[in-house]
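# Structural overview for review
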Amino acid sequence: MARNFTENRTRNTLIVIVVFGLCSFFYLLGAWQRSGSGGGDRIQNWVNEQTKCAQLPNLNFETHHRASDLPNDTGTSKIKPFEPCDEQYTDYTPCEEQKRAMTFPRDNMIYRERHCPPEKEKLYCLIPAPNGYVAPFRWPKSRDFVPYANVPHKSLTVEKAIQNWVHYEGNVFRFPGGGTQFPQGADTYIDQLASVIPIAEGKVRTALDTGCGVASLGAYLLKKNVLTMSFAPRDNHEAQVQFALERGVPAYIGVLGSIKLPFPPRVFDMAHCSRCLIPWSGNNGMYMMEVDRVLRPGGYWVLSGPPIGWKIHYKGWQRTKEDLRNEQRKIEQFAELLCWKKISEKDGIAIWRKRLNDKSCSMKQDNSKIGKCELATDNDVWYKKMEVCITPLPEVNSVSEVAGGQLEPFPKRLNAVPPRISLGSVPDFSVHSYEDDNKLWQKHVKAYKKINNLLDTGRYRNIMDMNAGLGSFAAALESPKLWVMNVIPTIANTSTLGVIYERGLIGMYHDWCEGFSTYPRTYDLIHSNAIFSLYQNKCKFEDILLEMDRILRPEGAVIIRDKVDALVKVEKIANAMRWKTRLADHENGPHVPEKILFAVKQYWATGNKSS
């Protein structure tokens, strides 16, 4: 027993000594490595260097193609799962394609609305640029001049020759700023509006131009710091919206037909129609009711052209006095029903102002035969039919209160807390989360600029944010050199488009499983935040990426922020589309699962199909 006791004590002593020795060894080893004398940090740094994402040392974002030095052949692409489409698709707009459009009814312009191809008819090829395509002129020169090679269509120069829309001069189109209803130029016309509407005071920031032509009104309103969403159908007046975007002016292909406009209620400070050929007096006032829906309380509606000024112009319009008088009478009746106050009619321009709230004229509307609109949500508009009804405004406590809240003048409203946030009408967002979102995107944009230092230099004029959230990416970039189309996916959990407009920015709803309502090559830079994670169970990544390629200019840039597993798949497809790509870590380091893919679309055209 004495021997066993001695052996056990010896064994325990040895174990204590060994444990103490090991602990001392590893402590000293750690101290040695932390001192820098050891190789631990060097090994760790080497491993990090080998596994971290690329730092994009050779990703060039500047344009190289000019009319004088376009290459005839730039080699053969190594990866070609996507071939160029036929040259007939140079100006392809999948959801406004002419042949398909003609199969739909003409009533209420249904055939000019969105009609997207079924799955079996989708194109899985790359839309080519026209032969000779060059980098657009930079703003503000682009407002007045567009290279002919980029939009080689002369029909408007013939059809609108006497109306001063556009002139063909050598290798460029020149836009003198005229229009059917403003022969003296857009500046003079805007000055007439500004004598009634406080355009220069920052109270009018967002405008809607219906039937915009080549968007000269929107182009010249930019000088007044007014951002205009212009739209026109793809019709026999070829390339109207294409010209507008080539000029660097916000626009999309659209029409007031049978479905609602892709905007939430109460977003535009002003709506405008200058001989836009919309039958305002028809359909029981339905189109005026749709304008009322999207117009902010206290906003302005401008109508110039027939029937306004009929007493003077009826002979030129080749219509009878009685016909024009009746048309204007109906418009006046609908305006009264909507409680719009007519504040001016002069020189063929009539201006109404929308009511501030429903208390100011509730008796008129309650006694009318027109009912109040009943919506599942305010934002339930995508492919929804227009109705003959009046959209109610948020409740107020007095007749002088602005329904939905008073906005600050621009630019103060850009970062002020929007009323939809402060009043708690946007689920999942508070004043605190709104302010945090602003700070976060200022940080993100600062990081973007370190990699692409051309981001706010004027190199990118037309920018799209595919999943805009609260619009903080656009707010961080805000500059006269650029504008951002803020898109809110129709499948987003929360609609924030109303907040974006309250900040003085513009945007629209869209489903990214379908084609966007624009021509090819109309955006200089596309930003995507978590789009592929959002749509991973809705449609194929190829559908989204090919649509991005279609609307992106040659040598345009892409920034895609998403989870790394989605980006790995996206990068493979992007490389197959002739994009030059680099994957980068999140700003907070390589351990964050969210990564950033930077890409540049390579230049190629119909006569030069290799990148």
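Here's what I pulled together on the structure shown here. Keep in mind it's a predicted model, so treat the numbers as computed, not measured.

### Quick word on the overall build of the protein chain
- From N to C terminus, the protein chain includes 19 helices and 17 strands.
- Put simply, the protein chain has 611 residues, and 54% of those count as buried.
- Roughly 27,600 Å² of accessible area belongs to the protein chain as shown, and the carbon and sulfur atoms make up 52% of that amount.

### Some words on the packing of aromatic side chains
- Summed over all chains, the structure comprises 22 aromatic pairs.
- Both rings, one in W280 and one in W301, keep their centres 5.0 Å apart while their planes meet at 75°; by these two values the pair is edge-to-face. Residue W280 is located in the loop between β7 (268-274) and α9 (286-294), and its partner W301 is located in strand β8 (residues 295-304); the two are separated by 21 residues in the primary sequence. Residue W280 shares its accessibility class with W301, and that shared class is buried.
- Considering the side-chain rings of W301 and W352, the 5.2 Å spacing of their centres and the 35° angle between planes classify their relative orientation as tilted. A residue pair is termed long-range when its members are at least 10 positions apart, and W301 in strand β8 and W352 in strand β10 (residues 349-353) qualify at 51 residues. A single burial state applies to W301 and to W352, both of which are buried.

### Focus: the pattern of salt bridges
- What the rule picks out here adds up to 38 salt bridges.
- The salt bridge partner of R205 is E478, with a shortest N-O separation of 3.6 Å. Of this pair, R205 sits in the loop between α6 (186-194) and β4 (206-210) while E478 is found in the loop between α15 (472-477) and β12 (483-489), placing the two residues 273 residues apart along the sequence.
- Exposure remark for R205: the relative accessible area of 3% places this residue in the buried category.
- Its relative accessible area of 30% is what places E478 among the partly exposed residues.
- Linking R293 and E290 is a salt bridge whose minimum nitrogen-to-oxygen distance equals 2.8 Å. Here R293 and its partner E290 are both found in helix α9, three residues apart, which amounts to about one turn of the helix.
- Through salt bridges with shared partners, one network takes in E119, K122, K540 and D543.

### Some remarks on the sheet that holds β10
- Taken together, seven strands build an open sheet; the order of strands is β6-β5-β4-β7-β8-β10-β9 and the sheet is mixed. Two strands in the sheet have a free side with no partner beyond their single neighbour: β6 (251-253) and β9 (341-346). Strand-to-strand twist across the sheet, computed as the mean angle between neighbouring axes with direction ignored, equals 15°.
- The pairing of strand β5 (residues 227-232) with β6 spans three bridges and is classified as parallel. Following the sheet pairing, F231 is matched in β6 by Y252.
- Of the strands in this sheet, β4, β7 and β8 are in contact with α9, which crosses β8 at around 140°.

### Concerning the nonpolar core
- Ranked by internal contacts, the top residues of the largest apolar core, which has 137 residues, are F263, W280, W301, F532 and M548.
- The residues contacting F532, other than those within four sequence positions of it, are F541, I544, L545, M548, I560, D562, A566 and V570.
- Judged by nonpolar contacts, the second largest core, of 10 residues, contains V146, L156, V214 and A239.

### Let's talk about the environment of T377
- Here T377 is to be found in the loop between α12 (362-366) and α13 (419-422).
- Owing to a relative accessible area of 42%, T377 belongs among the partly exposed residues under this scheme.
- Measuring from C-alpha to C-alpha, the distance between T377 and P264 comes to 9.6 Å, with 113 residues separating the pair along the chain.

### Side note on the environment of V570
- Structurally, V570 can be placed in helix α19 (residues 564-576).
- With a relative accessible area of 0%, V570 lands in the buried category.
- Here the alpha-carbon distance between V570 and F541, two residues 29 residues apart in the chain, equals 7.1 Å.
- Apart from residues no more than four positions distant in its own chain, V570 is found in contact with F532, F541, L545, I560 and L597.

### Section: unusual backbone geometry
- Between P306 and P307 the backbone carries a cis peptide bond, its omega angle lying at 5°.
- Inspection of the secondary structure assignment puts P307 in the loop between β8 and α10 (310-313).
- Cis geometry marks the peptide bond from F410 to P411, where omega comes out at 10°.
- Note on placement: P411 falls in the loop between α12 and α13.
- Phi angles above zero are rare outside glycine, and A215 is one such case at about 65°.
- Its identity is not glycine, yet Y383 carries a phi of approximately 60°, on the positive side.
- Mapped onto the elements of the fold, Y383 is located in the loop between α12 and α13.

Here is what the cut-offs are and how they apply
- Residues numbered from 1 in each chain as written.
- Predicted model: local features only at pLDDT ≥ 70, side-chain atom pairs only at ≥ 80, totals over all residues.
- Heavy atoms only, no water.
- Helix = DSSP H or I, 4+ residues; strand = E, 2+ residues; numbered from the N terminus.
- Buried < 20%, exposed > 50% of the residue type's maximum accessible area, 1.4 Å probe, protein only.
- Areas by Shrake-Rupley, 256 points an atom, 1.4 Å probe, with all protein chains shown as cover.
- Phe/Tyr/Trp six-rings, centres within 6.5 Å; stacked < 30°, edge-to-face > 60°.
- Salt bridge = Lys/Arg side-chain N within 4 Å of Asp/Glu carboxyl O.
- Pairing = 2+ DSSP bridges.
- Axes fitted to C-alpha atoms, helices over the stretch in contact; angles between N-to-C directions.
- Contact = heavy atoms within 4.5 Å.
- Core = buried A, V, L, I, M, F, W, Y, C linked by side-chain atoms within 4.5 Å.

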